[in-house]
Amino acid sequence: MKKEIYLTLTDGTVYKGYGETETPIEGELVFTTASCGYPQILTDPCHNGQIVVFAFPSVGIYGIDSENLEGRRIMARAAVVSSLDEPKNGRFESLSDWSKKNSFPLISGIDTRQLILKIRKHDSITARIDFEPNKPVAADLNDTLVSEVSCKEVMTYGEGSLTVALIDYGVKESMIRSMTERKCRVLRFPNTASAEEILASGADGIMLSSGPGDPAVLTFETEQISKLLGKKTIMGVCMGNELLARACGASTKKMPFSHTGGNLPVVDLATGSGLVTAQNHRYAVDESTLSGTGLEVAYRHLGDGTIEGLTHIRYDAFSVQFHPEAAGWREDASYIYDNFVTRMQAAKEMA
């Protein structure tokens, strides 16, 4: 039987729910509007250090589709849901069983809609999950979030005539699958890899992955990207979009409200087409700092105008803030990976 458990915010607000935890858990409180894809959300390395609140009122309906997870383990610190709805269909493991097996705190019985309204009133809010209502000790963990989830050595996936060097700042597994499905060989490099190591691999293109935390703390990684500009075709995704901007001299900023979910509208400025996208970011490129960087806005959020993609006017480099692979959601933007492959092939033929 689940025990009473408390979610306490930095401002002293206390929510009582039900769940279990082996030790008190603290993390940044974020929310997602996605109605499905919860196994992917919880295993997404972008959620490292975070407690994820689900806006959708009932979670757990179809269990855990373990063959489509986004990370090698559960990356979020904990999950908070309004209610669990777990029919026993016999096909997939239930969310509660999966959480218990992985010693992952899953808290239910909290009015998540009310909690999300509270989150939206704060620039950033930390929470603590404990059996007593104890306030968290706010701490900045950004310096370690990427190194905790990046691979530690070069890993190889798939095979094909084109090779992609993927720099792992917290890559989603579906990004790798998206490349291998397009008949590309993927070399997954740790975030500590130098530009020289990456170029020595003979890769035809370079992918800058998604990842957790503040891109401003990744000074080494930014320096390596600046050395790669103009050498190979470069594509950035999510954190990769922010790091490409910083490598070109632009700045990034923390957003008042994060973009997290599978139904966020974006416009492709080149075609005027609208896209429904999956996103997970709290930081964005500061448009006021783009002058002189060689970068132009390629995609924009239709709600708040946030930059959702960039293209370089001199180098073969471009990026998107959203996730083209969108595992578990719509795949309106999957053509962007096709464009990356086409550009790599064209550059290889011209070499």
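Since the model is a prediction, treat every value here as computed from it, not as a measurement.

1. Examining the packing of aromatic side chains
Part 1: By the definition in use, this model includes 3 aromatic pairs.
Part 2: For the pair Tyr 38 and Tyr 62, a centre-to-centre distance of 4.7 Å together with 35° between the ring planes defines the contact as tilted. Here Tyr 62 lies in the loop between β5 (58-59) and β6 (78-80) and Tyr 38 lies in helix α1 (residues 38-43), a separation of 24 residues in the sequence.
Part 3: Note on Tyr 38: relative accessible area 3%, which makes it buried.
Part 4: According to the relative accessible area criterion, Tyr 62 is partly exposed, its value standing at 27%.

2. Quick look at the packing of helix α5 (residues 173-180) against helix α9 (residues 335-350)
Part 1: With their axes 10 Å apart at the nearest point, α5 and α9 run at an angle of 55° to one another. Taken together, the axis directions place α5 and α9 in an arrangement best described as oblique. Relative to α9, the crossing made by α5 is right-handed. Here α5 contributes Met 175, Ser 178 and Met 179 to the contact with α9, which in turn contributes Tyr 337, Phe 340 and Val 341.

3. Some thoughts on the pattern of salt bridges
Part 1: As enumerated under the stated definition, the model contains 13 salt bridges in all.
Part 2: For Lys 16, the salt bridge goes to Glu 4, with nearest N and O atoms at 3.6 Å. Note that Lys 16 is positioned in strand β2 (residues 14-19) and Glu 4 in strand β1 (residues 3-9), a separation of 12 residues in sequence.
Part 3: With relative accessibility at 41%, the residue Lys 16 sits in the partly exposed group.
Part 4: Given a relative accessible area of 38%, Glu 4 falls into the partly exposed group.
Part 5: Across the pair Glu 28 and Arg 282 runs a salt bridge, and its minimum N-O distance is 3.1 Å.

4. Details of empty space enclosed by the protein
Part 1: What the rule picks out here adds up to 2 cavities of 30 Å³ or more.
Part 2: Reported here for the second largest cavity is a volume of approximately 80 Å³.
Part 3: The wall of the second largest cavity is formed by 13 residues, among which Phe 31, Ile 119, His 122, Ser 258 and Arg 282 lie closest to the centre.
Part 4: Contributions of two or more residues to the lining of the second largest cavity are made by β3 (25-32), α3 (112-120) and β15 (252-268).
Part 5: In terms of residue class, the lining of the second largest cavity is built from 7 nonpolar, 3 polar and 3 charged.

5. Focus on the nonpolar core
Part 1: Counting residues in hydrophobic clusters, the biggest one holds 31 residues, and the most contacted among them are Tyr 169, Ile 198, Ile 206, Leu 208 and Leu 290.
Part 2: Residue assignment for this core shows that the elements contributing at least two residues are β11 (162-168), β12 (184-190), α6 (195-200), β13 (205-208), α7 (219-228), α8 (239-247), β17 (295-301) and β18 (307-312).
Part 3: Dropping the residues within four chain positions of it, Tyr 169 is found in contact with Val 146, Val 149, Asn 191, Leu 208, Ser 209, Ser 210, Gly 211, Pro 212, Glu 221, Ile 225, Met 239 and Leu 243.
Part 4: In this structure, Val 186, Cys 238, Ala 333 and Tyr 337 belong to the second largest nonpolar core, which totals 26 residues.

6. Quick look at the environment of Ile 336
Part 1: Tracing the backbone shows Ile 336 in helix α9.
Part 2: In sequence terms Ile 336 and Ser 319 are 17 residues apart; their C-alpha atoms lie 9.4 Å from each other.
Part 3: Excluding anything up to four places from it in sequence, Ile 336 contacts Met 235, Tyr 299, Phe 318, Val 320, Phe 322 and Pro 324.

7. A word on the sheet that holds β15
Part 1: Taken together, 10 strands build an open sheet; the order of strands is β10-β12-β11-β13-β14-β19-β18-β17-β15-β16 and the sheet is mixed. Because the sheet does not close on itself, it has two edges, and the strands there are β10 (155-157) and β16 (274-285). Direction aside, the axes of adjacent strands within the sheet are offset by 25° on average.
Part 2: Relative to strand β14 (residues 233-237), α9 is tilted by about 165°, and along the sheet it contacts β11, β12, β13, β14, β15, β16, β17 and β19 (317-320).

8. Regarding the sheet that holds β1
For sheets, the rule is that strands pair by backbone hydrogen bonds, running either parallel or antiparallel.
Part 1: Read across the sheet, 7 strands follow the order β2-β1-β9-β3-β4-β6-β8 without closing on themselves; strand pairing throughout is mixed. With partners counted over all chains shown, the strands left at the sheet margins are β2 and β8 (106-107), one partner each.
Part 2: As paired elements, β1 and strand β9 (residues 126-130) share 4 bridges and run antiparallel to each other. Residue pairing in the sheet places Thr 8 in a bridge with Arg 128 of β9.

9. Considering α9
Part 1: With 16 residues, α9 should cover 22 Å at 1.5 Å per step; its first-to-last C-alpha distance of 23 Å lies within 8% of that length.
Part 2: By the burial criterion, the buried members of α9 are Ile 336, Tyr 337, Phe 340, Val 341 and Met 344. One face of α9 carries all of its buried residues, which in axial projection span an arc of 150°. Opposite the buried face of α9, at more than 90 degrees from it, the exposed residues are Thr 342, Glu 349 and Met 350.

Parameters and conventions
- Residues numbered from 1 in each chain as written.
- Predicted model: local features only at pLDDT ≥ 70, side-chain atom pairs only at ≥ 80, totals over all residues.
- Heavy atoms only, no water.
- Phe/Tyr/Trp six-rings, centres within 6.5 Å; stacked < 30°, edge-to-face > 60°.
- Helix = DSSP H or I, 4+ residues; strand = E, 2+ residues; numbered from the N terminus.
- Buried < 20%, exposed > 50% of the residue type's maximum accessible area, 1.4 Å probe, protein only.
- Axes fitted to C-alpha atoms, helices over the stretch in contact; angles between N-to-C directions.
- Parallel < 35°, antiparallel > 145°, perpendicular 65-115°, else oblique.
- Left-handed = near helix turned anticlockwise from the far one by under 90°.
- Contact = heavy atoms within 4.5 Å.
- Salt bridge = Lys/Arg side-chain N within 4 Å of Asp/Glu carboxyl O.
- 1 Å grid on protein atoms, 1.4 Å probe; cavity = no way out; pocket = protein on both sides within 12 Å on 5 of 7 lines; lining within 4 Å.
- Points joined across faces, edges and corners; volume = space filled by probe spheres on them.
- Nonpolar A, V, L, I, M, F, W, Y, C, P; charged D, E, K, R; others polar.
- Core = buried A, V, L, I, M, F, W, Y, C linked by side-chain atoms within 4.5 Å.
- Pairing = 2+ DSSP bridges.
- Expected span 1.5 Å × (residues − 1).
- Arc of directions from axis to C-beta.

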